[in-house]
2 protein chains.
Amino acid sequence: MALRHYTLDFKLSVAVDFASTVPYLLSIFHEEEMTETVHETNGQGYLGTFIGQNGRFAVLRVHSHELVTIDLQCYEEDNIGQLDNLLDALETKLKGILNGKITRIKRLPALVRGAEVDRYWPTNDGRLVEYDMDRLVCDEDSAYQNIKILHSKQYGNILILKGDINLADSDVAYNKAIMNGENFAGKESFTLLIIPLQSVNIDQQVIEMSKKYMRRACGNILDNMEGDCYKIIVSDCVPVLKKFIEEGNTFDYVLNELTAIPMSTEPKEDSAWEFLRNVLDMSIKVLRPSGKYLTTADCVNHTESHRLYEEEMGKLSCPVAFTKKEATVPYFMEQWVMYCLWKK
Amino acid sequence: MALRHYTLDFKLSVAVDFASTVPYLLSIFHEEEMTETVHETNGQGYLGTFIGQNGRFAVLRVHSHELVTIDLQCYEEDNIGQLDNLLDALETKLKGILNGKITRIKRLPALVRGAEVDRYWPTNDGRLVEYDMDRLVCDEDSAYQNIKILHSKQYGNILILKGDINLADSDVAYNKAIMNGENFAGKESFTLLIIPLQSVNIDQQVIEMSKKYMRRACGNILDNMEGDCYKIIVSDCVPVLKKFIEEGNTFDYVLNELTAIPMSTEPKEDSAWEFLRNVLDMSIKVLRPSGKYLTTADCVNHTESHRLYEEEMGKLSCPVAFTKKEATVPYFMEQWVMYCLWKK
């Protein structure tokens, strides 16, 4: 049973005190049979907690600076209309007594905590985002990672690997974005796909789950590992690339969808950069003279990681040139950057 | 000074009790000099609050069902690293003592409450969404509405009317979406724009602010109210449409960006539907025989409002046909629906 957590905040132009606010609100809590405990805050304003029936719990803070915050928690099965009325009453009362001192009233949609279907998947740049997911389709741990598929009303089934939004069933925005406007007709391409950094093998279980639940995105491609114009190799990409180089196997396009590029120069990320550079170097080697390397990078706000990625390009055994493009993948909820590299 | 509000939740496969959890966590709070108050919950599990220095405040709930929730509030100027460590310690300890019973651990980005720049703008379908806004550009009340412009790192300046995300400076996605793939070259069009429902006059102040701060989106169009191929009329659209009908003035396109369509059949919405139908009826009247009426509707998840809108189309004085399209406007953070109507 989930916990609904409401917040109602008043940002003010001047600080207010206990006496001019709290006494006027107590009757509202008392009407809902919520009993007050006043806490000693060591000069940080008023902090009262209120316990009611059925697990209801509220926190009222009149901060010593220009802010009043209210938290209200209740269980999902509670009478939500009654809780809305309680918040309405608190908002109306505070609007009246703080009249002329209010610079912003913010009452956000309730945060739903511990629900069956988890709707909160922060963006890559660390923002809190609620999705419209309404059903858990499956949730499994493979040898390499946690694999979830959640159904979203507007995006269809969404594949989530290790907590990262990966692919939605509903549209081809991501595919279009990584294809970067190139025309693949009659061309030979090689795609590095769904390999988590720490593993040496591609995750067969992701293929199985995508085959079953992501059919709008995958079509019947995954039903057979080989078709008229494609072949899927379940393996670590590194030995495969090595073999291609040894055998002189080349491609018009190499697409890399391995992972978002690492975000820092911290020592713990060193191996990630090394892996990335190694794969990039080998990929450029298997490109035909007019070939292109297309890759997903990171969200547009991580400008530092783009700078570091471009720095890595200077360390390859063959000089490369590049373009980068901003792309919209609707279910990412943030703008993304795609690169296109070629031999100079 | 903003309040940072952290949450850390453990969803479990079995309920746990006070004795098997709380005693193991107390030392972590005590190390941070946070003192405990235990609250009587009438059989709804353990609820402890903890008050620390500098306004720090925590709530630990071991619910009587399969859920443990932790809230931690601190001021923005606090030692955030120390708070992260406190949450790390609580998470690690709980992971250990709840081992084998955990179905999900959720630690969300902090909710920042009362900040100078408000980053939380819920979607039309009521979801909590944090934007990447970093600067308040301007905030004014016109005679009709509150007009805000906030700067977003990835979308540029964003115009917010009455709390609704309206237009971003950075791209032409919205314009493309409402233009619905039509080619406007050499055509005559009439656009109903930025008029809040309850007002009779267009809001001149929105024009002034857009002219100044939304130049990437508006170009120099708003610098002059009339140009070679456009004319801006500051007026309620109803008398203007009436005059067009009287004078037999017709257009190839009418674009309506007045407002999202009403979302319910509640009596209070009646006048909104009436206004919408009236404007739609007059707009169809000023269309040339091959003319098209293009309009923004509502988010894709509000299917009921689309149904009601299509019902309204049957009540017009001239029969119409329509198509609808799903559109991605990146900064809306939800899919949108655009309609195209024409005379049958």
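Reading the values: the criteria
Residue positions within a chain follow its written sequence, with the count starting from 1. Whichever chain is written first is A, and whichever ligand is written first is 1; the rest continue in order. In keeping with the predicted nature of the model, local features appear solely for residues at pLDDT of at least 70, side-chain atom pairs appear and are counted solely at 80 or more, and the whole-chain, interface and lining totals rest on all residues. Only heavy atoms go into the side-chain values, all of them from the structure, while hydrogens and water stay out. For the domains described, the bounds stem from an automatic or database domain assignment. Once two parts are joined, some of their accessible surface, as seen by a 1.4 Å probe, is lost; buried area is that loss totalled over both. By salt bridge we mean one thing: a side-chain nitrogen of Lys or Arg within 4 Å of a carboxyl oxygen of Asp or Glu. Side-chain atoms alone can form a polar contact between residues adjacent in sequence; in general such a contact is a pair of N or O atoms within 3.5 Å, and within protein one must be able to donate a hydrogen while the other accepts it. Comment: elements are numbered from the N terminus, with helices defined as DSSP H or I runs of at least four residues and strands as E runs of at least two. C-alpha atoms of residues with pLDDT of at least 70 in both copies form the basis for the least-squares superposition of the copies. Residues count as neighbours in contact if any of their non-hydrogen atoms are within 4.5 Å of one another. A pair of strands is labelled paired if DSSP reports no fewer than 2 bridges between them. Structural elements are reduced to axes, namely lines fitted to C-alpha atoms, with helices fitted over the stretch in contact, and the angle between N-to-C directions of any two is expressed from 0 to 180 degrees. Accessibility here uses a 1.4 Å probe with only protein chains present; expressed as a share of the type maximum, an area under 20% marks a residue as buried, one over 50% as exposed, and anything in between as partly exposed. In this scheme, roughly parallel covers angles under 35 degrees and roughly antiparallel covers those over 145, while 65 to 115 is roughly perpendicular and the rest are oblique. Should the near helix be turned counterclockwise from the far one by less than a right angle, the crossing is left-handed, whereas a clockwise turn marks it as right-handed. Residues were grouped as follows: Ala, Val, Leu, Ile, Met, Phe, Trp, Tyr, Cys and Pro as nonpolar; Asp, Glu, Lys and Arg as charged; and all remaining residues, including Gly, as polar. Pairing of aromatic side chains requires ring centres within 6.5 Å, counting the rings of Phe and Tyr and the six-membered ring of Trp. Pairs whose planes differ by under 30 degrees are stacked, by over 60 edge-to-face, and all others tilted. Either the NZ atom of lysine or the CZ atom of arginine qualifies as a charge over a ring when it sits within 6 Å of the ring centre and within 35 degrees of the ring normal. This arc describes the spread of directions from the helix axis toward the C-beta atoms.

Draft legend 1. Broad picture of the domain arrangement of chain A. Residue and element names in this part refer to chain A. When cut into domains, chain A gives domain 1 (3-112), domain 2 (117-160) and domain 3 (170-343). Interface area lost by domain 2 to domain 3 is led by N124, Y144 and Y155, which between them contribute 34%. On the surface where domain 2 and domain 3 come into contact, there are 1 salt bridge. Note that E334 is salt-bridged to R127, the shortest N-O span being 3.9 Å. Counting across the interface, domain 2 meets domain 3 through 8 residue pairs in polar contact (both at pLDDT 80 or more). Going through the elements one at a time, β8 (133-141), β9 (146-152) and β10 (156-161) are the ones with two or more residues in the side of domain 2 that touches domain 3.

Draft legend 2. Structural context of the relation of the copies chain B and chain A. In the superposition of chain B on chain A (RMSD 0.1 Å, axial shift 0.0 Å), the rotation amounts to 180°. In the structure described here, the two chain copies are related by an operation that fits a two-fold rotation axis. Minimal C-alpha distance to the rotation axis in chain B is attained by V129 of chain B, lying at 2.3 Å. In this assembly, 100% of the residues forming the interface of chain B have copies in chain A that are likewise at the interface, indicating an isologous arrangement.

Draft legend 3. View of the sheet that holds β8 of chain A. All names here are of chain A. Across the sheet, 4 strands lie side by side as β8-β9-β10-β11; this open sheet has antiparallel pairing. Edge positions in the sheet fall to β8 and β11 (164-168), since each of these pairs with one other strand and no more. Between one strand axis and the next, the sheet turns through 25° on average, direction left out of account. Bridge count for β8 against β9 is 7 bridges, and the pairing is antiparallel.

Draft legend 4. Quick peek at the pairing of strand β13 (residues 251-257) of chain A. Residue and element names in this part refer to chain A. Judged by how many residues are buried, β13 sits mostly within the fold: 7 of 7 residues are covered. Strand direction decides the pairing type here: β13 and strand β14 (residues 287-299), joined by 5 bridges, are parallel. Opposite Y253, over in β14, you have K292 as the bridge partner.

Draft legend 5. Main features of the environment of L26 of chain B. All names here are of chain B. By the secondary structure assignment, L26 is in helix α1 (residues 22-31). Sequence spacing of L26 and E36 is 10 residues, and the spatial spacing of their C-alpha atoms is 8.3 Å. With near-sequence residues (within four places) excluded, L26 lies in contact with E36 and F50.

Draft legend 6. Focus on the sheet that holds strand β9 (residues 146-152) of chain B. Residue and element names in this part refer to chain B. Ordered in space as β8-β9-β10-β11, the 4 strands form an open sheet in which the pairing is antiparallel. Unpaired on one side and paired on the other, β8 (133-141) and β11 (164-168) mark the two borders of the sheet. Taken pair by pair, the neighbouring strands of this sheet meet at an average axis angle of 25°, ignoring direction. Relative to β8, helix α4 (residues 204-213) is tilted by about 150°, and along the sheet it contacts β8, β9 and β10 (156-161).

Draft legend 7. Quick look at the packing of α1 of chain B against helix α2 (residues 80-97) of chain B. All names here are of chain B. Where α1 contacts α2, the axes come no closer than 10 Å and their chain directions differ by 165°. On the basis of the axis angle, α1 is roughly antiparallel to α2. For the element pair α1 and α2, the recorded crossing hand is right-handed. Here α1 contributes Y24, L25, I28 and F29 to the contact with α2, which in turn contributes L86, A89, L90, K93, L94 and I97. Considering only residue class, the contact of α1 with α2 consists of 9 nonpolar, no polar and 1 charged.

Draft legend 8. Quick look at the interface of chain B and chain A. Counting from both sides, the interface comprises 65 residues of chain B and, opposite them, 65 residues of chain A. The largest contributions to the chain B side of the interface with chain A come from R113, L128 and Q154 of chain B, which together make up 12% of the buried area. Here chain B is connected to chain A by 9 salt bridges. Across the pair K106 of chain A and D118 of chain B runs a salt bridge whose closest N-O atoms are separated by 2.5 Å. At the boundary of chain B with chain A, the tally comes to 34 residue pairs in polar contact (both at pLDDT 80 or more). Among the residues making up the side of chain B that touches chain A, the classes are represented as 25 nonpolar, 22 polar and 18 charged.

Draft legend 9. A look at the side chain of T123 of chain B. Residue and element names in this part refer to chain B. Looking at the secondary structure, you find T123 in the loop between β7 (111-113) and β8. What makes T123 buried here is its relative accessible area of 8%. Reaching out from T123, the side chain makes a polar contact with the side chain of D125 at a distance of 2.5 Å. The contacts of T123, once residues within four sequence positions are left out, are V129, F332, M333 and E334.

Draft legend 10. A look at the packing of aromatic side chains. According to the stated counting rule, one finds 16 aromatic pairs over all chains in the structure shown. Ring centres of Y331 of chain A and F332 of chain A lie 5.5 Å apart, and the angle between their planes is 90°; on these two criteria the pair is classed as edge-to-face. Given the relative accessible area of 9%, F332 of chain A is considered buried. Each member of the aromatic cluster is reached from another via a ring pair, and the members are Y155, Y331, F332 and W336 of chain A. Over the ring of W121 of chain B we find K106 of chain A, and its NZ or CZ is 3.8 Å from the ring centre.

Draft legend 11. Highlighting the pattern of salt bridges. For the coordinates displayed, the defined rule picks out 49 salt bridges over all chains. Among the salt bridges present, the one from D118 of chain A reaches R104 of chain B, with a minimum N-O distance of 4.0 Å. With D118 of chain A in the loop between β7 (111-113) and β8 and R104 of chain B in strand β6 (residues 102-107), this residue pair bridges two chains. Neither D118 of chain A nor R104 of chain B differs from the other in exposure class; each is buried. When the shortest N-O distance is used, the salt bridge between K243 of chain B and E247 of chain B registers 3.6 Å.

Draft legend 12. View of the environment of R61 of chain A. Relative to the assigned elements, R61 of chain A resides in strand β4 (residues 57-62). Setting aside residues no more than four positions away along its own chain, R61 of chain A makes contact with Y46, L47, L67, V68 and T69 of chain A together with L3, G55, F57, Q73 and Y75 of chain B. At a separation of 2.8 Å, a polar atom in the side chain of R61 of chain A contacts the main-chain carbonyl oxygen of G55 of chain B. In terms of polar contacts, R61 of chain A uses its side chain to reach the side chain of Q73 of chain B, at 2.8 Å.

Draft legend 13. Broad picture of unusual backbone geometry. Residues and elements named next belong to chain A. Look at N42: it is not a glycine, yet its phi comes out positive at around 55°. The topology assignment puts N42 in the loop between β2 (35-39) and β3 (46-51). With relative accessibility at 46%, the residue N42 sits in the partly exposed group.

Draft legend 14. Structural context of helix α8 (residues 303-313) of chain A. Residue and element names in this part refer to chain A. Residues of α8 that are buried: S305, H306, L308, Y309, E312 and M313. Taken down its axis, α8 places every buried residue within 165° of arc, on the same side. Lining the buried residues of α8 we find α7 (270-285), β14, β15 (320-328) and β16 (335-343).

Draft legend 15. The packing of helix α7 (residues 270-285) of chain B against helix α8 (residues 303-313) of chain B, seen in detail. Residues and elements named next belong to chain B. Here α7 crosses α8 at 50°, and the two axes come no closer than 10 Å. Here α8 runs oblique to α7, going by the angle between their axes. Every pair of crossing elements has a handedness; the one defined by α7 and α8 is right-handed. Between α7, through W273, L276, R277 and L280, and α8, the contact on the second element is made entirely by S305, L308, Y309, E312 and M313. Split by residue class, the contact of α7 with α8 holds 6 nonpolar, 1 polar and 2 charged.

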